[in-house]
Amino acid sequence: MLCLKEVPQNDPLKNAEQKIIIDRAISENKERQGAVMLVLNEVQGKIGHISPYMQAYIARNLNVPLGQVHGVVTFYSFFKTQPRGKNTIKFCLGTACYVAGVPQLVEKAKQMLNIELGQTTPDGLITLEECRCVGACSQAPVIVVNEEVQGKQRPNKFPQILKKVQK
């Protein structure tokens, strides 16, 4: 179990402005039905992720088991437990994209950035993620760069994609 006395310096709980956001979300929703989901949504939307320490803090202040908060965070793909990069590249793993070659795109990205899916580059610039069907099957394989859907991608095109987001 996490000890809230050992929160790392880079955690939002150690940032006064971000802690105010968390405390406000808790106080405004504590008595409402579905408080856990309401607080987590608000915190995720404003801070961008919900660290394990934040989960423990929210659970304690809502007076619910940590497992309940953690269960929600891990069940819904919207919630992130680590900060995301300035740019996000998502790889569609739907059937059409998978068959059309998205695994090769993923491997090229991992090789070029030296990170795995779900991780962020050390400079905080790029996060690689997977996603399910984005509804652009005729354009397979598809990636989503930030919020822009880009179809008919090939591994040899990936360096140009990186150049655009690394500026």
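Here the structure is shown first, and the text comes after it.
Cut-off values and rules
Residues numbered from 1 in each chain as written. Predicted model: local features only at pLDDT ≥ 70, side-chain atom pairs only at ≥ 80, totals over all residues. Heavy atoms only, no water. Helix = DSSP H or I, 4+ residues; strand = E, 2+ residues; numbered from the N terminus. Buried < 20%, exposed > 50% of the residue type's maximum accessible area, 1.4 Å probe, protein only. Contact = heavy atoms within 4.5 Å. Lys, Arg positive; Asp, Glu negative; His and termini not counted. Charge placed at Lys NZ, Arg CZ, Asp CG, Glu CD. 1 Å grid on protein atoms, 1.4 Å probe; cavity = no way out; pocket = protein on both sides within 12 Å on 5 of 7 lines; lining within 4 Å. Points joined across faces, edges and corners; volume = space filled by probe spheres on them. Nonpolar A, V, L, I, M, F, W, Y, C, P; charged D, E, K, R; others polar. Patch = residues over 30% accessible without salt bridge, like charges linked within 9 Å, V, L, I, M, F, W, Y side chains within 5 Å. Areas by Shrake-Rupley, 256 points an atom, 1.4 Å probe, with all protein chains shown as cover. Salt bridge = Lys/Arg side-chain N within 4 Å of Asp/Glu carboxyl O. Pairing = 2+ DSSP bridges. Arc of directions from axis to C-beta. Phe/Tyr/Trp six-rings, centres within 6.5 Å; stacked < 30°, edge-to-face > 60°.

J.: I keep staring at the overall build of the protein chain and nothing clicks. Help me out?
T.: Across its full length, the protein chain carries 7 helices and 4 strands. Helices (α) and strands (β) of the protein chain occur, in sequence order from the N terminus, as α-α-α-α-β-α-α-β-β-β-α. Along the three orthogonal principal directions, the C-alpha set of the protein chain runs to about 50 × 30 × 25 Å. Each of the 167 residues in the protein chain was classed as buried or not, and the buried ones make up 40%. Partitioning the contacts of the protein chain with sequence separation of at least 6, the portion at a separation of at least 24 is 61%. Computed over 21 positive and 14 negative side-chain charges, the separation of the two mean positions in the protein chain equals 6 Å.

J.: I'm lost on the layout of surface pockets in this one. Help?
T.: Over the atoms, a rolled probe matching the size of one water molecule traces out where space is still vacant. Roughly 480 Å³ of volume is contained in the largest pocket. Forming the walls of the largest pocket are 16 residues, and the residues nearest its centre are Ser 77, Phe 79, Lys 80, Gly 118 and Glu 129. Element by element, the count of residues in the lining of the largest pocket is highest for strand β2 (residues 126–131), at 4 residues. Of the residues belonging to the lining of the largest pocket, the class tally is 4 nonpolar, 6 polar and 6 charged.

J.: Before we go on, may I ask you to explain the side chain of Asn 87 in this structure?
T.: In this structure, Asn 87 sits in strand β1 (residues 87–92). Take Asn 87: its relative accessible area is 9%, and that puts it in the buried class. Those residues within four positions of Asn 87 in sequence are excluded, and the remaining contacts are Leu 125, Ile 126, Thr 127, Asn 146 and Val 165.

J.: Before we go on, may I ask you to explain a nonpolar patch on the surface in this structure?
T.: Residues Phe 75, Tyr 76 and Phe 78 make up a contiguous nonpolar surface patch of about 360 Å² in total accessible area. With respect to the helices and strands, the residue Tyr 76 is situated in the loop between α4 (66–75) and β1. Residue Tyr 76 is classed as partly exposed on the basis of its relative accessible area of 38%.

J.: Would you take a moment to explain the pairing of β2 for this structure?
T.: Sheet faces and side chains relate simply in a regular strand, where the side chains alternate between the two faces. With respect to burial, β2 is a largely interior element, 5 of its 6 residues being buried. Relative to β2, β1 is paired through 6 bridges, and the arrangement is parallel. Its bridge partner being in β2, Lys 90 is matched across the sheet by Glu 129.

J.: Mind showing me how you'd approach helix α7 (residues 158–165) here?
T.: Counting along an α-helix, one turn takes 3.6 residues, and residues three or four places apart therefore face a common direction. All of the buried residues along α7 are Phe 158, Ile 161, Leu 162 and Val 165. Across the axial projection of α7, the buried residues extend over an arc of 100°, all falling on one side. Across α7 from its buried face, at more than 90 degrees, point the exposed residues Lys 163 and Lys 164. Buried residues belonging to α7 abut β1, α6 (102–113), β2, β3 (143–145) and β4 (148–150).

J.: I'm lost on the packing of aromatic side chains in this one. Help?
T.: Here a ring pair, both rings aromatic, is described through the centre-centre distance and the interplanar angle of the planes. Under the definition given, this model contains 4 aromatic pairs. Consider the rings of Phe 78 and Phe 79, whose centres lie 5.3 Å apart with planes at 70°: the pair is edge-to-face. A connected cluster of aromatic rings, assembled from ring pairs, spans Phe 75, Tyr 76, Phe 78 and Phe 79.

J.: Just to check I follow, could you spell out unusual backbone geometry for this structure?
T.: Among all residues save glycine, negative phi is the norm, and among peptide bonds the norm is trans. For the bond running from Ala 140 to Pro 141, omega is -5°, close enough to zero to count as cis. With respect to the helices and strands, Pro 141 occurs in the loop between β2 and β3. The residue Asn 114 is not glycine, and still its phi comes out positive at about 60°. When you line up the elements, Asn 114 lands in the loop between α6 and β2.

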